Amino acid sequence: MKRIVLLLFIVILTCFTQFVEGFCIHNGHKYRNLTVWRMDPCTMCKCDSPNPVCESVRCRATRLCNISKGDYLHIPADQCCPVCRRNPKPCRSPHSPSQYIQHNEEWSEKSCQRCVCYDGRVSCRGNTCPTVRCNPGTVTQQLSGKCCPQCVPIGQSCNHESVVYSDGRIWNPAPCVQCLCRNGRVSCYTQQCPKSMCKKEDVVAPTRGECCPKCLKHGCQRGDDQYLEGESWKLNPCTICSCHYGQISCSYKSCSMLNCKQNEKAVKIEGECCPKCVPNEGVCIHRAKVYYSEAVWNVSHCDYCQCLDGNVSCHRAECDKLNCAKVPRKI
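Peer 1: Where do I start with the overall build of the protein chain in this structure?
Peer 2: Helix and strand counts for the protein chain come out as 1 helix and 34 strands. Classification of the 331 residues of the protein chain by burial places 26% in the buried group. Residue pairs at least 24 apart in sequence account for 29% of intrachain contacts in the protein chain once pairs closer than 6 positions are excluded.

Here it is, written out as structure tokens:
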């Protein structure tokens, strides 16, 4: 009897170890089983070996945002859901204290300095120019309207789509298009891809950002659709599939039993796998879709709507200002 119990314990331990030590491949990265990561500000993923399961972040409404009193929706940097901010304050002009600058307004103090007013505070940031080392046949010049000095060709150059290219310069305006500057004239032509000589077990597939296809190992095909090694996709709201070593494997999400409160009911929401408990009252209808109280949804990249007590209100969210350093364009 003891030997049978010990054998059962070893089998259970082996299965548990395989489950915990599994992994997923997502966008070329390997994750351990049960690992949770953020693919982007609005998408959370979890490894359910061997398939990654990704879901959109659902935003909740806040009752503290009073738009009529000047409050506004704001999306913090690297975040998905808007938060409520109080009516922002203007800034005093640094040149005339009697004048005010509106919140989020930008202006240039000097050619190398950008300033912004943010909720009553002025912040300025200057660009640090790198050391310029020009190639033979070019000289350093401070061009009008430019912050940092640039290398300008001595000989005849080409002006293509407002960008100056030196003589003999080759560039790619698109993945399959190559242009050449020769004696002040620009000539462009379509790049020709060599014939792919792949092994039997490989597949020819396009590569993002490149013109010509490449030979890839263990690709998967489903009908007319071709998938890359490690690629995953959603077959339907409850089914996630992925391509591994030439084989397609799919995992199916099972829904748990719902125990809704007395003032709630279970409903199936469009685009989601499992039903959810929602309040019986406070339902909103917007563009032929049903939303429930405290739901928040986006109608564009910057416009959000919220359902509160049966009423729909839509507002534009404000993003953080990004002060990026200006890098001089190489010629």
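Peer 1: Even after reading the chapter, I still don't get the sheet that holds strand 26 (residues 247-252), so can you show me in this structure?
Peer 2: Remark on secondary structure: sheet strands pair via backbone hydrogen bonds, oriented parallel or antiparallel. Sheet architecture is open: 3 strands sit in the order 24-25-26, paired in antiparallel fashion. With partners counted over all chains shown, the strands left at the sheet margins are strand 24 (232-236) and strand 26, one partner each. Direction aside, the axes of adjacent strands within the sheet are offset by 30° on average. Pairing between strand 25 (residues 239-244) and strand 26: 6 bridges, direction antiparallel. Across the sheet, the residue bridging to H244 is Q247, located in strand 26.

Peer 1: Mind showing me how you'd approach the nonpolar core here?
Peer 2: Nonpolar side chains tend toward joint burial in soluble globular proteins. By size, the foremost hydrophobic cluster in this structure holds 8 residues: C59, C65, L73, I75, C80, V296, Y304 and A317. Excluding anything up to four places from it in sequence, C65 contacts D71, Y72, L73 and C84.

Peer 1: What is the right way to read the pattern of salt bridges from this model?
Peer 2: Note on pairing: side chains with opposite charge can pair once their charged atoms come close. Within the structure shown, the criterion is met by 3 salt bridges. One salt bridge in this structure joins D303 and R316, with 2.9 Å as the shortest N-O distance. Here D303, found in strand 32 (residues 303-308), pairs with R316, found in strand 33 (residues 311-316); they are 13 residues apart in sequence, far enough to count as distant. A relative accessible area of 59% means that R316 is categorised as exposed.

Peer 1: What is the right way to read the state of the cysteines from this model?
Peer 2: Linking two cysteines covalently via their sulfur atoms produces the bond known as a disulfide. Going through the model one piece at a time under the given rule, you end up with 14 disulfides. Across a sulfur-sulfur distance of 2.2 Å, C24 and C47 are joined as a disulfide pair. Here the disulfide of C24 and C47 is right-handed, its torsion about the S-S bond being about 85°. Taken together, the positions of C24 in strand 1 (residues 23-26) and C47 in strand 4 (residues 43-48) put the pair 23 residues apart, joining distant regions of the chain. Across the pair, exposure class does not vary: C24 and C47 are buried alike. Bridging C255 to C274, the disulfide has an S-S length of 2.1 Å. Looking down the S-S bond of the C255 and C274 bridge, the torsion is -90°, so its handedness is left-handed. Placement of C255 in the loop between strand 26 and strand 27 (264-267) and of C274 in the loop between strand 27 and strand 28 (276-279) is noted, with a sequence separation of 19 residues between them. Looking at C255, the relative accessible area reads 39%, which means it is partly exposed.

Peer 1: Quick question: what am I supposed to make of the sheet that holds strand 3 (residues 36-40) here?
Peer 2: Sheet architecture is open: 3 strands sit in the order 3-4-5, paired in antiparallel fashion. Whereas interior strands pair on both sides, the edge strands pair on one side only; in this sheet they are strand 3 and strand 5 (51-56). Across the sheet, the mean angle separating the axes of adjacent strands is 30° when strand polarity is ignored. In this sheet, strand 5 lies alongside strand 4 in antiparallel orientation, the contact comprising 6 bridges.

Peer 1: Got a minute to help me understand the side chain of T43 in this structure?
Peer 2: With respect to the helices, strands and loops of the structure, T43 is situated in strand 4. Since its relative accessible area comes to 12%, T43 is described here as buried. Setting aside its immediate chain neighbours within four residues, T43 contacts W37, R38, C54, E55 and V57.

Peer 1: Can you help me understand the packing of aromatic side chains in this one?
Peer 2: Working definition: an aromatic ring pair is given by the centre-to-centre distance plus the angle between the planes. For the coordinates displayed, the defined rule picks out 3 aromatic pairs. We note K30 situated over the ring of F23; from NZ or CZ to the ring centre the distance is 4.2 Å.

Peer 1: Before we go on, may I ask you to explain unusual backbone geometry in this structure?
Peer 2: With the exception of glycine, most residues fall at negative phi, and the peptide bonds are largely trans. Here S49 and P50 are connected by a cis peptide whose omega angle stands at 5°. With respect to the secondary-structure elements, P50 resides in the loop between strand 4 and strand 5. Of note in the backbone geometry, D119 takes a positive phi value of approximately 50° without being a glycine. With respect to the helices and strands, the residue D119 is situated in the loop between strand 11 (113-118) and strand 12 (121-126).

Peer 1: Could you clarify how one ought to interpret the pairing of strand 17 (residues 170-174) in this entry?
Peer 2: For a regular strand, side-chain orientation follows a simple rule: the groups alternate between the two sheet faces. Relative to strand 18 (residues 177-182), strand 17 is paired through 3 bridges, and the arrangement is antiparallel. Following the sheet pairing, A174 is matched in strand 18 by V177. Between strand 17 and strand 18, which pair antiparallel in sequence order, lie 2 residues.

Peer 1: Hey, could you run me through the environment of D40 in this one?
Peer 2: Summarising the element assignment, D40 is placed in strand 3. Since its relative accessible area comes to 30%, D40 is described here as partly exposed. Linking D40 and Q79, residues 39 residues apart in sequence, is a C-alpha distance of 8.7 Å. In terms of polar contacts, D40 uses its side chain to reach the backbone amide nitrogen of C42, at 2.9 Å.

Calculation notes
Residues numbered from 1 in each chain as written. Predicted model: local features only at pLDDT ≥ 70, side-chain atom pairs only at ≥ 80, totals over all residues. Heavy atoms only, no water. Helix = DSSP H or I, 4+ residues; strand = E, 2+ residues; numbered from the N terminus. Buried < 20%, exposed > 50% of the residue type's maximum accessible area, 1.4 Å probe, protein only. Contact = heavy atoms within 4.5 Å. Pairing = 2+ DSSP bridges. Axes fitted to C-alpha atoms, helices over the stretch in contact; angles between N-to-C directions. Core = buried A, V, L, I, M, F, W, Y, C linked by side-chain atoms within 4.5 Å. Salt bridge = Lys/Arg side-chain N within 4 Å of Asp/Glu carboxyl O. Disulfide = S-S within 2.5 Å. Phe/Tyr/Trp six-rings, centres within 6.5 Å; stacked < 30°, edge-to-face > 60°. Lys NZ or Arg CZ within 6 Å of the ring centre and 35° of its normal. Polar contact = N/O pair within 3.5 Å; in protein donor to acceptor, adjacent residues only side chain to side chain.

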